[in-house]
Amino acid sequence: MKRMFHFPSSHARLPALMLACLAACSATSALAADGTELGSASGLIQSLKQQHQGRQALSLQAQDGTALPVLVQDFFEQGGKVSIAGRHRDAEDSMFFLKGDGKTLRGFLVLHGQKKAWEYSTDARGVVSVKAVPLSRVYPDLDEDFQRSNRSTASLAQIAAAHPVYSPMALRQAPHIGPYNNQDVTKLESKPGSPYVFYLNTAAVMSGSTPLNGVTKENMYRAWQSVADQYSMLQLNVTTNKAVYDAAKAASLLRTGVINFVNQDGRSFAPLHSFGTTSAGTLYRNPASGFDYGYGIGMTGAHEVGHQMGMNHDGGGTGGEYFEGIAAYQWGPIMGNYWMGGSWTNQLFTWSKGEYNTASNKEDDLKIMTVDEGVPYMADDNVNGKPLALRAGGEINPADNWGQIERNTDTDVFTFSLGSAGTLNLRVDPIEYLRMLDVDATITTAAGTQVARSNLSVNRSAEFVNLNLAAGDYKLIIQGGAEGTPANGFSKYSSLGYYAMKGTLSAATTPSTIPLTSGVALGNQSASTGTWTYYSIQVPAGSTKLVVNLAGSNGDADLFVGAGQKPTGTSYACKSDGSTSTETCTVNSPVAGTYYVGVQAYATYSGLSVKATVSP
């Protein structure tokens, strides 16, 4: 390490931009292997805070005469964590950001015009240092050789011919699922209400709500949709709505990110680890000729947002820094060379932890997003299992039967019963556009004995055709699939996403009740008008209260609770039958035993959550 700069007492502390300048001055002449120590992370934060509040800083010069002071434009502090962003004081075409806490800081200072960069990092002692680094350390995609060799007209033409085809089961089960349906493309949201927000700033390529350059609204929708698909396992609201981003940023900048669409052709890039700051990625429109905008820009957007989340490139194979995927399984990492798989019919682009045998990057992408960046997974939508929803004639409809594999440890169970021998015809599809889920489905008896299993090869779906079943109780178990081996193929590591199912089941009988666990919501319940669905909850002796809640955003579900027997519309211990699907019933001092919850569909509902809580 070079010389150490100690922070004086607070009344005479050196301004942080002076320190940044000193660090830059000592690093401009060469890409040094070591760095300049600046002092403690907490001290640097306080100095930058004071500079942001208006303190004047001494402007120094580098060895070549270039001044490198930092102008702090955004300073956000919450819960002991900080997000600091700005630029070089005298260079508009520059970027600076730091984020972390009083023990650890990381970030970059970049002079774009001079193609120079410096990286800030913290050692085990909590001491921050800065050193000169190649520009590609900040922007991994600033690699002109890759652009020339892999973004040719021929490659783009292949992508135009082979973009994904929607599953017919994609029926808007979530806001980002299904084909374009005249949505306002400036107001799109994948997870409305989530405090974690990533903003796709399309303002520069739009005139009001109309895209420029002949790009259609449907293409803009698919570009947004593709990014939303790749992050759907997270509680991350991918949005094109600036008001949503501004509100989230005001609440906690640390939970937001932004990438700017640019109205010109070029090489898209994004700063590494910039999620949680106002430092934005850049997404160029790319050539309109021979290029599918929605698919190509969508894949590129998902890749660049990955850099902002902290992921580096997945390298290996013949692609060097950008692994070209495994054609035999039509799989590749989204942080590799996704262009090479653009012509695959059943392409699957996922996150990776470098399991394939030529991997040069062993980073755990999911850990980076959920632990390092702190963006939580979606809650499990099928904790205890749920009955297979059957319509008249044993129809299994995708509007009623769908779910999400949120984690690679997740399994979703659907139960059904046959009063006599019957036949199952069923297909289970991933229903996202730029999907990650490879569906693995298994039929077992209630006791767990496997009856049948399906994971169609290089297809992403599962299917049972004319499966004959004896009378009895069964489980349909859905999980993320895998093909080949992790070394030569892909594991279920990132086999995540939404699915739906369609088919018929003959000789089926409806289960008498669905068991509930106290305090655990059973989600994704649905029923058509007039239908009753029953649940049960065990109430121990000495319990003081039983509270049952329905939470739904559509239709009209009415709630009835019975003690020891199923309630009806005229016989019940408690009822709540308002005009919506949000209802609550409370039974004080309940007797020990089984309570039955009856939900009547006064009007067809879907996506309903049922929760019973017993208080001791």
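Residues numbered from 1 in each chain as written. Predicted model: local features only at pLDDT ≥ 70, side-chain atom pairs only at ≥ 80, totals over all residues. Heavy atoms only, no water.

Structural notes on the overall build of the protein chain
(1) Moving on: Along its length, the protein chain carries nine helices and 37 strands.
(2) Moving on: Looking at the 616 residues of the protein chain, the share that counts as buried comes to 56%.
(3) Moving on: The long-range share in the protein chain, meaning contacts at least 24 apart out of those at least 6 apart in sequence, stands at 70%. (Helix = DSSP H or I, 4+ residues; strand = E, 2+ residues; numbered from the N terminus. Buried < 20%, exposed > 50% of the residue type's maximum accessible area, 1.4 Å probe, protein only. Contact = heavy atoms within 4.5 Å.)

Description of the sheet that holds strand 11 (residues 236-239)
(1) Moving on: Across the sheet, four strands lie side by side as 11-8-12-13; this open sheet has parallel pairing. Single-partner strands in this sheet number two, and they are strand 11 and strand 13 (281-284). Sheet twist, expressed as the mean angle between neighbouring strand axes with direction ignored, is 20 degrees.
(2) Moving on: Two elements, strand 8 (residues 196-201) and strand 12 (residues 256-262), share five bridges in a ladder whose sense is parallel. Looking at strand 12, one finds that valine 197 is bridged to threonine 256. (Pairing = 2+ DSSP bridges. Axes fitted to C-alpha atoms, helices over the stretch in contact; angles between N-to-C directions.)

A word on the pattern of salt bridges
(1) Moving on: Within the structure shown, the criterion is met by 17 salt bridges.
(2) Moving on: In this structure, the salt-bridge partner of lysine 81 is aspartate 101, at a minimum N-O distance of 4.0 Å. One end of the pair, lysine 81, is in strand 3 (residues 81-88); the other, aspartate 101, is in strand 4 (residues 94-101), and 20 residues separate them in sequence.
(3) Moving on: The partly exposed category is assigned to lysine 81, whose relative accessible area is 45%.
(4) Moving on: In this structure, glutamate 373 engages lysine 99 in a salt bridge whose closest nitrogen and oxygen atoms are separated by 2.9 Å. A residue pair is termed long-range when its members are at least 10 positions apart, and glutamate 373 in the loop between helix 9 (365-372) and strand 16 (386-387) and lysine 99 in strand 4 qualify at 274 residues. (Salt bridge = Lys/Arg side-chain N within 4 Å of Asp/Glu carboxyl O.)

Notes on the packing of aromatic side chains
(1) Moving on: Applying the stated criterion to the full structure yields 21 aromatic pairs.
(2) Moving on: Seen from their ring centres, tyrosine 199 and tyrosine 245 are 4.9 Å apart, and the 20 degrees between their planes marks the pair as stacked. Residue tyrosine 199 is located in strand 8, and its partner tyrosine 245 is located in helix 7 (residues 242-251); the two are separated by 46 residues in the primary sequence. The pair tyrosine 199 / tyrosine 245 is uniform in exposure class, with both members buried.
(3) Moving on: Considering the side-chain rings of phenylalanine 323 and tyrosine 356, the 4.0 Å spacing of their centres and the 10 degrees angle between planes classify their relative orientation as stacked. Taken together, the positions of phenylalanine 323 in the loop between helix 8 (293-309) and strand 14 (331-333) and tyrosine 356 in the loop between strand 15 (348-350) and helix 9 put the pair 33 residues apart, joining distant regions of the chain. An identical accessibility class is assigned to phenylalanine 323 and tyrosine 356; each is buried.
(4) Moving on: An aromatic cluster is present here, built from Phe323, Trp331, Tyr356 and Phe490 joined pairwise through their rings.
(5) Moving on: In this structure, lysine 566 is placed above the aromatic ring of tyrosine 534, and the distance from its NZ or CZ to the ring centre is 5.0 Å. (Phe/Tyr/Trp six-rings, centres within 6.5 Å; stacked < 30°, edge-to-face > 60°. Lys NZ or Arg CZ within 6 Å of the ring centre and 35° of its normal.)

Section: the packing of helix 6 (residues 217-230) against helix 8
(1) Moving on: Between helix 6 and helix 8, the least distance of the axes is 7 Å, while the angle of their chain directions is 35 degrees. Of the two possible hands of crossing, helix 6 and helix 8 adopt the one that is right-handed. Listed contacts from helix 8 to Asn219, Met220, Arg222, Ala223, Ser226, Val227 and Gln230 of helix 6 are Tyr293, Gly294, Tyr295, Ile297, Gly298, Met299, Gly301, Ala302 and Val305.
(2) Moving on: Residue classes in the contact of helix 6 with helix 8 are distributed as nine nonpolar, six polar and one charged. (Left-handed = near helix turned anticlockwise from the far one by under 90°. Nonpolar A, V, L, I, M, F, W, Y, C, P; charged D, E, K, R; others polar.)

Quick look at helix 9
(1) Moving on: Along helix 9, the residues that are buried comprise Asp365, Leu366, Ile368, Met369 and Thr370.
(2) Moving on: Buried residues along helix 9 sit in contact with helix 8.
(3) Moving on: A positive backbone phi angle near 75 degrees is found at glycine 374, which sits one or two residues after helix 9.

Re unusual backbone geometry
(1) Moving on: Even without being a glycine, glutamine 330 presents a positive backbone phi close to 50 degrees.
(2) Moving on: In this structure, asparagine 524 is a non-glycine residue whose phi angle is positive, near 60 degrees.
(3) Moving on: Here asparagine 524 shows up in strand 30 (residues 522-527).

Focus on the sheet that holds strand 31 (residues 532-539)
(1) Moving on: What the five strands build is an open sheet, ordered 29-31-36-33-34; its pairing is mixed. For this open sheet the edge positions go to strand 29 (514-515) and strand 34 (574-576), each flanked by a neighbour on one side alone.
(2) Moving on: Here strand 31 runs beside strand 36 (residues 593-603); their pairing, made up of eight bridges, is antiparallel. Residue tyrosine 535 lies in a different strand from strand 36, and its bridge partner there is valine 597.

With respect to the pairing of strand 33 (residues 556-563)
(1) Moving on: Within strand 33, seven of the eight residues are buried, which leaves the element mostly enclosed by the surrounding structure.
(2) Moving on: Relative to strand 36, strand 33 is paired through eight bridges, and the arrangement is antiparallel. Bridge assignment links aspartate 556 to a residue of strand 36, and that residue is alanine 603.
(3) Moving on: Bridge count for strand 33 against strand 34 is three bridges, and the pairing is antiparallel.

Points about the confidence of the model for the protein chain
(1) Moving on: Per-residue confidence for the protein chain averages 86 on the pLDDT scale, and 87% of its residues sit at or above 70.
(2) Moving on: In the predicted structure, residues 58-65 sits below a pLDDT of 50 and forms 21 contacts with residues beyond four places in sequence or in another chain.
(3) Moving on: Contacts for the low-pLDDT stretch residues 144-161, under 50 throughout, to residues beyond four places or in other chains number 30 contacts. (pLDDT = per-residue confidence, 0-100.)

Re the environment of tyrosine 493
(1) Moving on: Position of tyrosine 493 among the secondary structure elements: in the loop between strand 26 (489-490) and strand 27 (497-505).
(2) Moving on: Distance from tyrosine 493 to glycine 480, taken between C-alpha atoms, is 8.3 Å for residues 13 residues apart in sequence.
(3) Moving on: Within the structure, tyrosine 493 has its side chain in polar contact with the backbone nitrogen of aspartate 365 (distance 3.1 Å).
(4) Moving on: Polar contacts involving the side chain of tyrosine 493 include one to the main-chain amide nitrogen of leucine 366, which spans 2.8 Å. (Polar contact = N/O pair within 3.5 Å; in protein donor to acceptor, adjacent residues only side chain to side chain.)

Notes on the side chain of asparagine 201
(1) Moving on: Locating asparagine 201 in the fold gives a position in strand 8.
(2) Moving on: Among the residues examined, asparagine 201 registers a relative accessible area of 18% and is labelled buried.
(3) Moving on: At 3.3 Å, the side chain of asparagine 201 forms a polar contact with the backbone nitrogen of alanine 203.
(4) Moving on: Discounting chain neighbours no more than four positions away, the residues touching asparagine 201 are Val258, Ile259, Asn260 and Phe261.

Side note on the environment of glutamine 308
(1) Moving on: Note on placement: glutamine 308 falls in helix 8.
(2) Moving on: Separated by 37 residues in the primary sequence, glutamine 308 and proline 271 have C-alpha atoms spaced 5.8 Å apart.
(3) Moving on: Once residues within four sequence positions are removed from consideration, glutamine 308 is found in contact with Phe198, Val258, Ile259, Ala270, Pro271, His273, Ser274, Phe275, Ser279, Ala280 and Gly281.

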